[in-house]
Structures are given as C-alpha cells and as structure tokens.
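Commentary on secondary and tertiary structure
These are the residues of each chain, in order.
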Amino acid sequence: MNNVVTIVVKSDSRDLTREDIDKVKNTLENTGAETSEHEWLSQGEAVDIPFKNLPNDIATQVLLERFKYRNADVFSQNIESREKKMLIADMDSTIIEVE
C-alpha cells in the first residue's frame, strides 16, 4: 500500500466503529482502490486505513462527500512522505472566545 487515509472524529461526536471503517473501505474500493487492514491511532477516535490504486485527492474527495454528516476530519497522504509528529499545547490559555 502506498497511501493512507486517516479518519479523526471530533471530540463531541460518537466514536468510530467497525461499521464506519467498513463504510470507508467499501467507498474506497467502489472507487477503484485496494485497501488493507486498518490501524487504530486512538481507539474509537482516529484510524488509519492503507490503500493503493487511487490518487489521494480523489480518495479525500469521495470520503468527504460520503461522510460529510459524520462530524469527522478525513485526509489522505502518501505513506513514504508521511511523518508522524507530536504536538503538545496548553489550549486553555490560547482559546479566544470573542474576537
């Protein structure tokens, strides 16, 4: 697999389920991709699903359309150029309530 799609649900949304993952895989496969086993980044909150044979922009576009009411972020990228990094921030002091 040379690409990966990542699905991240918003904190106020219901958890990702196996059914959600199956819908993502079916959507990708119906668009011409081949998928492999998913990997949880955070159980119920974020998941990676490797795929190939479909450009990243097309994968993102079809998944955003399919899951636009799910309250989730969807993005895909090339596995080779992907870099996992950690961001630690104190968000309590940086949130602006009124501007």
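The following refers to the structure shown. (Residues numbered from 1 in each chain as written. Predicted model: local features only at pLDDT ≥ 70, side-chain atom pairs only at ≥ 80, totals over all residues. Heavy atoms only, no water.)

Let us now look at the overall build of the chain. When you go through the chain residue by residue, the secondary structure sums to two helices and five strands. Mapped from its N terminus to its C terminus, the chain presents α and β elements in the order β-α-β-β-β-α-β. A buried classification covers 33% of the 99 residues belonging to the chain. Put simply, 65% of the contacts in the chain that link residues at least 6 apart link residues at least 24 apart. For the chain, the computed accessible surface area is about 6,900 Å², with 48% contributed by carbon and sulfur atoms. (Helix = DSSP H or I, 4+ residues; strand = E, 2+ residues; numbered from the N terminus. Buried < 20%, exposed > 50% of the residue type's maximum accessible area, 1.4 Å probe, protein only. Contact = heavy atoms within 4.5 Å. Areas by Shrake-Rupley, 256 points an atom, 1.4 Å probe, with all protein chains shown as cover.)

Formed by 17 residues in total, the largest nonpolar core has its most connected members in Val5, Ile7, Val24, Leu28, Phe51 and Leu63. Among the secondary structure elements, those contributing two or more residues to this core are β1 (3-9), α1 (18-30), β4 (46-52), α2 (56-66) and β5 (72-78). The contact partners of leucine 28, leaving out residues within four places of it in the chain, are Val5, Ala33, Thr35, Phe51, Leu54, Ala59 and Leu63. (Core = buried A, V, L, I, M, F, W, Y, C linked by side-chain atoms within 4.5 Å.)

The next subject is the pairing of β4. Regular strands show a simple pattern: their side chains alternate between the two faces of the sheet. Burial runs high along β4: six of the seven residues are buried. Sheet analysis places β1 next to β4, joined by six bridges and oriented antiparallel. What sits directly across from valine 8, in β4, is alanine 46. Pairing analysis gives two bridges linking strand β2 (residues 34-35) to β4, with the strands arranged antiparallel. Bridge assignment links threonine 35 to a residue of β4, and that residue is phenylalanine 51. Bridge count for strand β3 (residues 39-42) against β4 is three bridges, and the pairing is antiparallel. Residue pairing for β4: tryptophan 40 is matched across the bridge by valine 47. Linking β3 to β4, which pair antiparallel, is a turn of three residues; within it glycine 44 sits at a positive phi near 80°. (Pairing = 2+ DSSP bridges.)

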